[in-house]
There are 2 protein chains.
Amino acid sequence: MWNNNQLTRTLQVQYPIIQAGMAGSTTPSLVATVSEKGGLGTIGAGYFSIEKLESEIQTVKSLTKQPFGVNLFVPKENTGVNPDQIEHMNAWLKPYRRAFHLEEPVVNIEESQKFKDAVNKVIEYKVPVCSFTFGIPDHQIIEKLKENNVILIGTATTVEEAIENEKAGMDIVIAQGSEAGGHRGSFLRLGDSEEPMIGTMSLVPQVVDHVSIPVVAAGGIMDERGLLASIMLGAQGAQMGTAFLTSNESGANDLLKEAILNSKETDTIVTNVFSGKNARGINNQFVKEMSQYQGEIPEYPIQNQLTNQIRKTAVQQGESELTHIWSGQSPRLAKKQKAEELMDRIINQINLIAKNLK
Amino acid sequence: MWNNNQLTRTLQVQYPIIQAGMAGSTTPSLVATVSEKGGLGTIGAGYFSIEKLESEIQTVKSLTKQPFGVNLFVPKENTGVNPDQIEHMNAWLKPYRRAFHLEEPVVNIEESQKFKDAVNKVIEYKVPVCSFTFGIPDHQIIEKLKENNVILIGTATTVEEAIENEKAGMDIVIAQGSEAGGHRGSFLRLGDSEEPMIGTMSLVPQVVDHVSIPVVAAGGIMDERGLLASIMLGAQGAQMGTAFLTSNESGANDLLKEAILNSKETDTIVTNVFSGKNARGINNQFVKEMSQYQGEIPEYPIQNQLTNQIRKTAVQQGESELTHIWSGQSPRLAKKQKAEELMDRIINQINLIAKNLK
């Protein structure tokens, strides 16, 4: 039922468990551990330079012969650069920069060449799986990846986005519910319509009813309960982020892991103040102070670049109130544990139930 | 596993399926059908006069010998009456009233006597189950109901609310996820903190880990998939509202049923403009126009009374854009069907899986 379905056959993995491509927080060790245990580890390459991507792929390959994936952010065609908006935001951020002795960064919105280069690295290193967030790459890129037998995973937050992913040729689609931590994958919002925040329990069966590719549930899933619930809803597997983020192997700073481990389900908020794109994380001082901001928040990747050094320095100085702490709505289920232990517990539990089903 | 657990034993029902107490939209026929089929039907008595409650209980009793419940709204101790606020709202609502030839209503915030009377009717008629929304009744009322062997069900939207329900002596707690249609059951919000909107996938296991009474999942559950997912998350059953709202036996006007049947998962919104309390329904003209309103929305039950006649008249005149259309986030799963068919399908599916488990 869950260890031999279209998803596991397509990915060539033993268990339908995907470790989310948490940009900035995955390590080769985390990715390899998940893959070695029979799930799909994912390099969160959203913010990587090409050199970094290349070295991470090489390291993962040296640690496991099992399939793994690379997650990439699909660049937006026309990011609006509004110099006044940037100036206004820089003025607002000045006190933070002054406190941390930081200079104003130079904004660089050119992302599409980097994206193409990353895709080429995926092909060059024969990475088995490539997943996408923030949209669907253009036709040529999809064709090229498919010609090279890379399995493609898209992300959807609505039924319509899932249908678009299937139409574009994705092999698998993640249905990202509102509970999910980190960036929202939404890409079909019209005008200033609200971010679609459909709960996983609602989203998954509605998506399943409208596409024929395998659906993977994401959002709020932390253990075997969430995985089995996802399967009951018609998904073929689950993607977990926060559950792996607090694992020993994750690249997240201990300060941030501790903040998640000490949080409640009511402590998260969806905000665009850190990166310019909506993402779910623990509410903190930076978010609250930014709620006083009168102007428009610059779009991703601009805001991401403007706040980047502030956030990095805050973490270095042990100041978790001034950085993003991405987390889904289930922080009470987060554990300080090895990724291996998390995988083992889930696998044992689902094997037990699989045995009972025979 | 799901047809003989603490929940079904406590409720003395065959299946762990609760029809939500949808105030204003249940009928004795709906309640009795669900109970006859082995679930728990619930009279949504939130807006009833005592006479209406009495006659509905009598009718349900004449239709079924199976257990059923009554759902009551717990009145708030000190509703803030601000005459300026009411005047301001009445001025805003004037064009709607003028169009429908309606007078300004007289506001009456006295709800606690009616609540006590309703509790007495529940006891007098030996209604087996009483469920509560909007909070926890005071100690004396709970004691009195328990002395009379009424099984009590509370509603929680956070872990903390679930713990309070257990402490207060509730036998069962509904964990209402953000997907749920109709009124939010939240009652422990501090100051002007945001409405807690925790998705069902996140809420249920976190609640299950913190209380020892049976937990019932609610929010986004429309069929056997949602019920089984709830069980996997550790709930002992599921409560469904929208799924029953579009059934033939529901008291909702056909206009509203059609609106739900024609909606997508992205069409709902949480708003307090209809009743003064947050509730999820289909976004429409009334909600959009009210978003221009500059003042504060009067608290429940004031706003509910101020908009009540406008909404009723709108429905009578076939104008669904000017009334509330409560719906959860899964309208694509809603069907025009008999409540009996819905129950049969769910029961057949879960029996099939139960058989495989043996």
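Residues numbered from 1 in each chain as written. Chains lettered and ligands numbered in written order. Predicted model: local features only at pLDDT ≥ 70, side-chain atom pairs only at ≥ 80, totals over all residues. Heavy atoms only, no water.

Caption draft 1: Broad picture of the side chain of A:Thr246. On the secondary structure map, A:Thr246 appears in the loop between helix H10 (242-245) and helix H11 (254-261). Those residues in contact with A:Thr246 that lie beyond four places of it in its chain are A:Lys257, A:Ile260, A:Leu261, A:Ala334, A:Lys335, A:Lys336 and A:Gln337. (Helix = DSSP H or I, 4+ residues; strand = E, 2+ residues; numbered from the N terminus. Contact = heavy atoms within 4.5 Å.)

Caption draft 2: Here's a closer look at the sheet that holds strand S4 (residues 129-133) of chain B. Residue and element names in this part refer to chain B. The strand order S1-S9-S8-S6-S5-S4-S3-S2 describes an open sheet built from eight strands, whose pairing is parallel. A strand with exactly one partner marks an edge of an open sheet, and here the two such strands are strand S1 (17-19) and strand S2 (41-44). Here the average twist between neighbouring strands, direction ignored, is 25 degrees. Where strand S5 (residues 151-156) and strand S6 (residues 172-176) come together, four bridges link them in parallel fashion. When the sheet's bridge partners are listed, isoleucine 153 is paired in S6 with isoleucine 172. Of the strands in this sheet, S2 and strand S3 (68-73) are in contact with helix H3 (residues 50-63), which crosses S3 at around 165 degrees. (Pairing = 2+ DSSP bridges. Axes fitted to C-alpha atoms, helices over the stretch in contact; angles between N-to-C directions.)

Caption draft 3: Local environment of the sheet that holds strand S10 (residues 268-271) of chain A. All names here are of chain A. Judged by pairing direction, the sheet is antiparallel, and its three strands sit side by side in the order S7-S11-S10 without closing on themselves. Sheet topology places strand S7 (182-183) and S10 at the edges, where each strand pairs with a single neighbour. Across two bridges, S7 lies against strand S11 (residues 279-282) in antiparallel orientation. The residue of S11 that forms the bridge with glycine 182 is arginine 280.

Caption draft 4: Focus on the relation of the copies chain A and chain B. You can overlay chain A on chain B at an RMSD of 0.0 Å; the transform is a turn of 180 degrees with a shift of 0.0 Å along its axis. Such a combination of turn and shift is consistent with a two-fold rotation axis. Judged by C-alpha distance, A:Ala229 is the residue of chain A that lies nearest the rotation axis, at 2.0 Å. Here 100% of the interface residues in chain A have copies in chain B that are interface residues too; the copies meet face to matching face. (Least-squares fit on C-alpha atoms with pLDDT ≥ 70 in both.)

Caption draft 5: Fine view of the packing of aromatic side chains. Scanning all chains against the criterion turns up 18 aromatic pairs over all chains. Pairing A:Phe73 with A:Phe134 gives two aromatic rings, centres 4.5 Å apart and planes at 45 degrees, and the pair type is tilted. Highlighted residues: A:Phe73 in strand S3 (residues 68-73) and A:Phe134 in the loop between strand S4 (129-133) and helix H6 (139-147), separated in sequence by 61 residues. Overall, the relative accessible area of 7% leaves A:Phe134 in the buried class. Note on B:Phe274 and B:Phe286: the rings are 5.2 Å apart at their centroids and 20 degrees apart in plane angle, and the pair reads as stacked. Highlighted residues: B:Phe274 in the loop between strand S10 (268-271) and strand S11 (279-282) and B:Phe286 in helix H12 (residues 285-290), separated in sequence by twelve residues. Take B:Phe274 and B:Phe286: they sit in the same class, and that class is buried. (Phe/Tyr/Trp six-rings, centres within 6.5 Å; stacked < 30°, edge-to-face > 60°. Buried < 20%, exposed > 50% of the residue type's maximum accessible area, 1.4 Å probe, protein only.)

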